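Below are the chains, spelled out letter by letter.
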Amino acid sequence: MRPHFVRVLAAVALAAAALAFRTPAADPPKFTPEQVTFFEKDVLPVLKQHCLKCHGDDPEKLKGGLNLSTRAGALAGGDTGPAFDAAKPADSLLLKAVHYKDEAYRMPPKGKLPDADVAVLEKWVAAGLPVTADRLGAEVARPKGVVTEEAKRYWAYQPVKRPAAPAVKDAGWVRNPIDAFVLAKLEAKGLKPVPPAAKAALARRAYYDLLGLPPTPEQLDAFVNDPAPDAYEKLIDALLASPHYGEKWGRHWLDVVRFAETNGYERDGPKPYAWRYRDYVIRSFNADKPYTRFVREQLAGDEMPGHDPDAVTATGFYRLGIWDDEPADPLQALFDGYDDIVATAGQAFLGTTFNCARCHDHKADPIPQADYYKLVAFFRDIKPYSNNRDVRSAFNLTDISPPNQRQVYEAELKKREARLAEIRKAMEAVEDEVIKTLPAEDQRASEGPDRPQVVRNKVVPALKGKVKDDYAALDAERKELSKKPAPPGQELALSVNNCDVRPQATHLLVRGSPHAKGREVKPGFPEVLGLPDPAVPDPKPGARSSGRRTVLADWVASKDNPFTARVMVNRVWQYHFGRGIVPTANDFGKLGEPPTHPELLDWLAAEFAEPSDGGEPWTLKRLHRLIMTSSTYRLSAAADAANLKADPSNALLWRFNMRRLSGEEVRDSILAVSGSLNLKAFGPSTYPKIPKEVLAGQSRPGEGWPTSPPDEANRRSVYAHVKRALRVPVLVGFDQPDPDSSCPVRYVTTVPTQSLGLLNGEFANEQAAAFAARLRKELPGDLAGQVARAARLTTGRSPSADEVKKDVAFVAAMKAKHGLDDAAALTRYALLCLNANEFVYLD
């Protein structure tokens, strides 16, 4: 929406407020004949000509909620708060609007009214809005709002209560309460679950679900041949203890929080040390950190007491979104940043689309516009990513080194920073003298983010003699000091820093425009929950933030919050079964889908927050174990004709949903079976090789993508650099989501480019050659053994003798028909294995 149009709408709405004084309904106003004549002769023609087209009695055309066709409508006002000063009408915003005194409030939109018309409206307002009898109108009741008693009864806003597990006919099938809830639904429809999966298929499923990696043939054999009754439970415990668990499940969370390491837009500049947030997430999952702690760290880790690098690094959550380094409207860009935070936090932690109430009340859920700005108010102490194009701003980087390490290098750093400040001051003094002589447009440009271009293109060429030499010497010293590496032991993290201890007031913004402020809004929780306003304590002396986000984090992480546990257990369920109990994982509102098993969702949420066995609450590994040891999870993916007819989408979970591997699983599995996978964990991101054809799509091919050495490039995909404007083709091809906003569900596509990429792509062919080399090394001279080994590595099963015979014949045909040598023919066969459905799909 154009800023001018937004301001016009704001002005219209303010007119409503300017007229919003009332007379009691029981005591209708009385006007003199002269006043009535004045309205009819002078005021009404002005209103008809300039106002009533948009502010008449046609609800389809009504703008800003303001109806000027009757006095009652004028008194009721529009979309914003009071703006009429009855004691001093000349100071009212209404009259400022028609006078065009305030650039933010101007009406009508087509241009300022003639002075004579303005004078008529001034006189009309001063007289108390006299009208003819037919234009008094009925008393206009204010809208009831979106938070009705009926709205409060919606299931997602109710406290979580643990339901009793239902009784079922086939009690022997029930391993834990999950099965009772699932089976009760099936039995009610006359359906039966299919038989359980074979041990090998179940193990492969578990490996991918928890680690995102294929099991080796030896690992599968060990499980399949283990006769112990708790063999499966031991396997689950071993997988949950693996360091690769956090890599798999951390990637799920990175989808939800729109993780990326660059800012997007034209330059797509880097986010320094964003990889530390990724590593924090992986370590948190591996450590089975209580989910409530995980939430608190990301929302308010910088406000936690003591030296806690993890907690500070967690606030990188706020810095992961897109950021415009040269906004046309800086104030709009600032509030776009807050919108990104509200949208991501609301959907990630609360499963609620508060962002839909930025410009107006939510269209489907009981979320008034004020609720959106209450959340913004919690985040108002966070400064923008940067006030200029410097991506290493003091607002977004924090030194998380241990205090004893910092003491070693801080003195040297302070000395260096002090000298840099002196140099910058001296250089700016020289620049300012030249800028004074430049045209006005260049002077204006030098006052903003374009100053570097003005200095480079206009100032430096104008320098002469000793001034030029001195300036060049200062610039050389500055560059030399800036190039010095960080002190040994210094660790920086992308985070929030230098927050506003006393943030600016937050206002409801008319139509979402920061140029049209409405009434002030304080931090608060959703009105529909009926909670009291939070008490935000005054910041303590020496505080580095307002403390507001701690209040928010404590509420989000409370067991009494109706959203938090439900939303997270639903995510875990979704990543195990391919679909959540609530299929719209980021939207538990009316625009989302309702839960298929509401009682099961509440039971899981209650068990997550308060385990029935007295175990540690809010731990994800316990939740995994509960889900994966159920009979429901162990079902096969086999079809059943009767079940398919009654429940074709498998909403009732009568079988396990087959799924295709994610983009990361496809790439990591190819590297694993080829023997190329580097399992090194943590640290700066790696830059896998990207074909030159893809790089050619950049304005500057290869910029921001320094290809890593092969060994580093072959690390797990979760460690690959996430550049918004350039991502690894095999990951994007297999549905890695766009990181510009929260991704609740990866929707699986089936398109020709996936097959073409796996068959013809540079990465697939290079790894097929490596795979063939591995087979020749492990089983030299044994072609039948090589093809059998290839099938086991890629599918997890032993091929039949007939399959081996046919595959050997395929290799022979490659040699005979295409003149390939043994190595090249085996490479073609390896490529075929990497393209098999059995390799990229899980039963």
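Being a predicted model, the structure only gives us computed values, none of them experimental.

Caption draft 1: Layout of the overall build of the protein. When its secondary structure is counted, the protein shows 36 helices and six strands. Each of the three principal axes of the protein carries a C-alpha extent, and together these read 110 × 90 × 60 Å. A total of 843 residues make up the protein; the buried ones form 52% of that total. For the protein, contacts bridging at least 24 residues in sequence account for 70% of all contacts bridging at least 6. Separation of charge centres in the protein, based on 115 positive and 110 negative side chains, amounts to 1 Å.

Caption draft 2: Fine view of the packing of helix α18 (residues 403–435) against helix α21 (residues 465–483). Two elements in contact, α18 and α21, have axes whose closest approach is 10 Å; the angle formed by their N-to-C orientations is 150 degrees. One way to sum up the angle between α18 and α21 is to call them roughly antiparallel. When you trace α18 past α21, the crossing you get is left-handed. On α21, the residues that touch R416, R419, L420, I423, A426, M427, V430 and E431 of α18 are V467, Y471, L474, D475, E477, R478, L481 and S482. Counted by class, the contact of α18 with α21 contains nine nonpolar, one polar and six charged residues.

Caption draft 3: Main features of the environment of N388. In this fold, N388 is placed in the loop between α17 (369–378) and β1 (397–399). Residue N388 is classed as partly exposed on the basis of its relative accessible area, which comes to 39%.

Caption draft 4: Spatial organisation of unusual backbone geometry. Positive phi, close to 65 degrees, is recorded for W618, a residue that is not glycine. With respect to the helices and strands, W618 occurs in the loop between α24 (598–609) and α25 (620–628). Phi at D735 takes a positive value of approximately 75 degrees, unusual for a residue other than glycine. Checked against the element boundaries, D735 lands in the loop between α30 (729–733) and α31 (752–760). A residue is classified by how much of its surface remains accessible, and D735, at 14% relative accessible area, is buried.

Caption draft 5: Local environment of the confidence of the model for the protein. Within the protein, residue pLDDT values average 90, and 92% of them lie at 70 or more. With pLDDT under 50 throughout, residues 139–143 is counted as low confidence; its partners more than four residues away or in other chains account for twelve contacts.

Caption draft 6: Spatial organisation of the packing of aromatic side chains. Across all of its chains, the model carries 34 aromatic pairs by this definition. Ring centres of F285 and F294 lie 5.7 Å apart, and the angle between their planes is 70 degrees; this geometry places the pair in the edge-to-face category. Take F294: its relative accessible area is 4%, and that puts it in the buried class. For the ring pair F317 and Y318, a centre distance of 5.3 Å and an interplane angle of 70 degrees mean the geometry is edge-to-face. Like F317, the residue Y318 is buried in the burial classification.

Caption draft 7: Looking closely at the nonpolar core. Ranked by size, the top nonpolar core spans 121 residues in total, and within it W253, Y277, F349 and L604 carry the most contacts. Those residues in contact with W253 that sit more than four places away from it in its chain are Y277, V281, F285, Y291, F294, Q298, A348, F349 and M568. In this structure, I670, A720, V804 and L842 belong to the second largest nonpolar core, which totals 38 residues.

Thresholds, definitions, all that
Residues numbered from 1 in each chain as written. Predicted model: local features only at pLDDT ≥ 70, side-chain atom pairs only at ≥ 80, totals over all residues. Heavy atoms only, no water. Helix = DSSP H or I, 4+ residues; strand = E, 2+ residues; numbered from the N terminus. Buried < 20%, exposed > 50% of the residue type's maximum accessible area, 1.4 Å probe, protein only. Contact = heavy atoms within 4.5 Å. Lys, Arg positive; Asp, Glu negative; His and termini not counted. Charge placed at Lys NZ, Arg CZ, Asp CG, Glu CD. Axes fitted to C-alpha atoms, helices over the stretch in contact; angles between N-to-C directions. Parallel < 35°, antiparallel > 145°, perpendicular 65-115°, else oblique. Left-handed = near helix turned anticlockwise from the far one by under 90°. Nonpolar A, V, L, I, M, F, W, Y, C, P; charged D, E, K, R; others polar. pLDDT = per-residue confidence, 0-100. Phe/Tyr/Trp six-rings, centres within 6.5 Å; stacked < 30°, edge-to-face > 60°. Core = buried A, V, L, I, M, F, W, Y, C linked by side-chain atoms within 4.5 Å.

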